[in-house]
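The residues making up each chain are set out below.
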Amino acid sequence: MIPSLHSYRGYVFRVEEDADDPAYIVDYPDVPDIVTSGSTLSEALAHACEALDLYLEALDNLGRPHPEPRFRLVMETVGSA
């Protein structure tokens, strides 16, 4: 499966299907400290959001700045000619 890209709180994350357990692996290109997974796609998406929330909260508690998002999702409309 080709990895799919998603965005949460301005950060892009990638979900990749893995043949082994866990079935879905998630990472954030702008936040290499975050890697999570889930046995289902919906579980992996929920874990991705929770992991980012906890990471940003920890940075806030430590008085550290959030990493600047560099990656963006771009939506394009493809019309018929």
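Residues numbered from 1 in each chain as written. Predicted model: local features only at pLDDT ≥ 70, side-chain atom pairs only at ≥ 80, totals over all residues. Heavy atoms only, no water.

**Comments concerning the pairing of strand S1 (residues 4-8)**
Then step 1. As judged from the 5 bridges shared by S1 and strand S2 (residues 11-17), these two strands associate in the antiparallel manner. Within the sheet, the bridge partner assigned to Ser 4 lies in S2 and is Val 15.
Then step 2. With antiparallel pairing between neighbouring strands as the criterion, S1 and S2 make up a hairpin whose turn holds 2 residues, including Arg 9 at a positive phi of roughly 55 degrees. (Pairing = 2+ DSSP bridges. Helix = DSSP H or I, 4+ residues; strand = E, 2+ residues; numbered from the N terminus.)

**Let's talk about the nonpolar core**
Most often, soluble globular proteins have nonpolar side chains that are buried together.
Then step 1. Residues Tyr 11, Phe 13, Val 26, Tyr 28, Val 31 and Leu 52 are the most contacted members of the largest nonpolar core, which totals 14 residues.
Then step 2. It is helix H1 (residues 41-62) that contributes the most residues to this core, 5 residues altogether.
Then step 3. Ignoring any residue separated from it by four or fewer positions in sequence, one finds Phe 13 in contact with Ser 4, Leu 5, His 6, Ser 7, Tyr 8, Val 26, Asp 27, Tyr 28, Pro 29, Leu 45 and Ala 48. (Core = buried A, V, L, I, M, F, W, Y, C linked by side-chain atoms within 4.5 Å. Buried < 20%, exposed > 50% of the residue type's maximum accessible area, 1.4 Å probe, protein only. Contact = heavy atoms within 4.5 Å.)

**What to know about the packing of aromatic side chains**
Then step 1. Tallied over the entire structure, the rule returns 1 aromatic pair.
Then step 2. Each ring, one from Phe 13 and one from Tyr 28, has its centre 5.2 Å from the other, and the planes form 45 degrees; the classification is tilted. Here the residue Phe 13 occupies a position in strand S2, and Tyr 28 occupies one in strand S3 (residues 24-28), the gap between them amounting to 15 residues. (Phe/Tyr/Trp six-rings, centres within 6.5 Å; stacked < 30°, edge-to-face > 60°.)

**Thoughts on unusual backbone geometry**
For residues besides glycine, phi is generally negative; the peptide bonds are generally trans as well.
Then step 1. Not every positive phi belongs to a glycine, and Arg 9 is a case in point at roughly 55 degrees.
Then step 2. Counting through the fold element by element, Arg 9 comes out in the loop between S1 and S2.
Then step 3. Arg 9 gets classed as partly exposed once you look at its relative accessible area, which sits at 48%.

**Structural notes on the confidence of the model for the chain**
Then step 1. When the pLDDT values of the chain are averaged, the result is 90; 96% of them are 70 or greater.
Then step 2. Ranking the elements of the chain by mean pLDDT puts S1 last with 91 and H1 first with 97. (pLDDT = per-residue confidence, 0-100.)

**With respect to the side chain of Thr 36**
Then step 1. Mapped onto the fold, Thr 36 is located in strand S4 (residues 31-38).
Then step 2. Judged by its relative accessible area of 17%, Thr 36 falls in the buried class.
Then step 3. Setting aside residues no more than four positions away along its own chain, Thr 36 makes contact with Tyr 24, Ile 25, Val 26, His 47 and Ala 48.

**A closer look at the environment of Asp 21**
Then step 1. Mapped onto the fold, Asp 21 is located in the loop between S2 and S3.
Then step 2. Among the residues examined, Asp 21 registers a relative accessible area of 73% and is labelled exposed.
Then step 3. Taking the C-alpha atoms as reference points, Asp 21 and Ser 37, separated by 16 residues in sequence, lie 9.2 Å from one another.

**As for the sheet that holds S3**
Then step 1. The strand order S1-S2-S3-S4 describes an open sheet built from 4 strands, whose pairing is antiparallel. Each end of this open sheet is capped by a strand with a single partner; those strands are S1 and S4. Averaged over neighbouring strand pairs, the angle between their axes works out to 25 degrees when direction is ignored.
Then step 2. Contacts from H1 reach S1, S2, S3 and S4 within the one sheet, and its direction differs from that of S4 by about 150 degrees. (Axes fitted to C-alpha atoms, helices over the stretch in contact; angles between N-to-C directions.)

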